Amino acid sequence: MATPLAAQDTVRASGAMLRGLDKVSGRTTDLPLQIGQAVRYGRLEIRLGECRYPAGDPSSDAFAQLTITDLRQNATVFSGWMIASSPALSALDDARYDVWVMSCQG
């Protein structure tokens, strides 16, 4: 039986690898980010607050705290934790773009 993520010892990484999908063009883009850094993806600004992963298995489930702002509307469209293994659990809801966590880095 798997241990719940909250009960596991986790390690903070210095960055994360995210992936964005432009649903109109079908093109994916890898988005490397460091903690505290923001990157522009289309009309979105994606800011990484934190990235953690289970201490015993760095290649397993990453989870990242993200704030995503729609620059055209000047509104936050996502703020919270995204989990690499369950992107639909806490997902960005946008008509054009999808963003998800691939892994923690560093």
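Residues numbered from 1 in each chain as written. Predicted model: local features only at pLDDT ≥ 70, side-chain atom pairs only at ≥ 80, totals over all residues. Heavy atoms only, no water.

Naming follows an unreviewed UniProt entry, where the chain appears as DUF2155 domain-containing protein of Paracoccus marcusii.

### Let's talk about unusual backbone geometry
Formally: Secondary structure elements are defined from DSSP: runs of H or I of at least 4 residues count as helices, runs of E of at least 2 residues count as strands, and each element is numbered from the N terminus.
Its identity as a non-glycine residue notwithstanding, asparagine 74 has a phi of 50 degrees, on the positive side. As for its placement among the helices and strands, asparagine 74 is situated in the loop between β6 (63–70) and β7 (75–83).

### Observations concerning the pairing of β6
Selection criterion: Each residue's exposure class comes from its accessible area (1.4 Å probe, protein chains only) as a fraction of the maximum for that residue type: buried when under 20%, exposed when over 50%, partly exposed otherwise. Here a strand pair is declared whenever DSSP counts at least two bridges between the two strands.
Summarising burial for β6: six of the eight residues are buried, a large majority. As judged from the eight bridges shared by strand β5 (residues 44–54) and β6, these two strands associate in the antiparallel manner. Looking at the pairing, glutamate 50 lines up with glutamine 65 of β6. Taken together, the eight bridges between β6 and β7 define a ladder with antiparallel strand orientation. Paired with glutamine 65 across the two strands is tryptophan 81, which belongs to β7. Counting the residues that bridge the hairpin from β6 to β7 gives four residues, and of these asparagine 74 lies at a positive phi of roughly 50 degrees.

### Structural notes on the sheet that holds strand β3 (residues 27–34)
Keep this limit in mind: Axes, fitted as lines to C-alpha atoms, cover a helix only where it is in contact. Angles between the N-to-C directions of the axes lie from 0 to 180 degrees.
Pairing is antiparallel across the open sheet formed by three strands, whose spatial order is β3-β2-β8. Strands at the two margins of the open sheet, each flanked by one partner only, are β3 and β8 (97–105). Adjacent strand axes in the sheet meet at a mean angle of 25 degrees, parallel and antiparallel pairs treated alike. Across eight bridges, the pairing between strand β2 (residues 15–22) and β8 is antiparallel. Opposite glycine 15, over in β8, you have glutamine 105 as the bridge partner.

### Looking at the packing of aromatic side chains
The condition that has to hold: Centres within 6.5 Å are what make two rings of Phe, Tyr or Trp a pair, Trp counting through its six-membered ring; a difference in plane orientation under 30 degrees is then read as stacked, over 60 as edge-to-face, and the rest as tilted.
Per the stated rule, a full pass over the model turns up two aromatic pairs. On the numbers, 5.6 Å between centres and 50 degrees between planes, the contact of phenylalanine 63 with tryptophan 81 is tilted. Residue phenylalanine 63 is located in strand β6, and its partner tryptophan 81 is located in strand β7; the two are separated by 18 residues in the primary sequence. Judged by relative accessible area, which is 12%, phenylalanine 63 ranks as buried.

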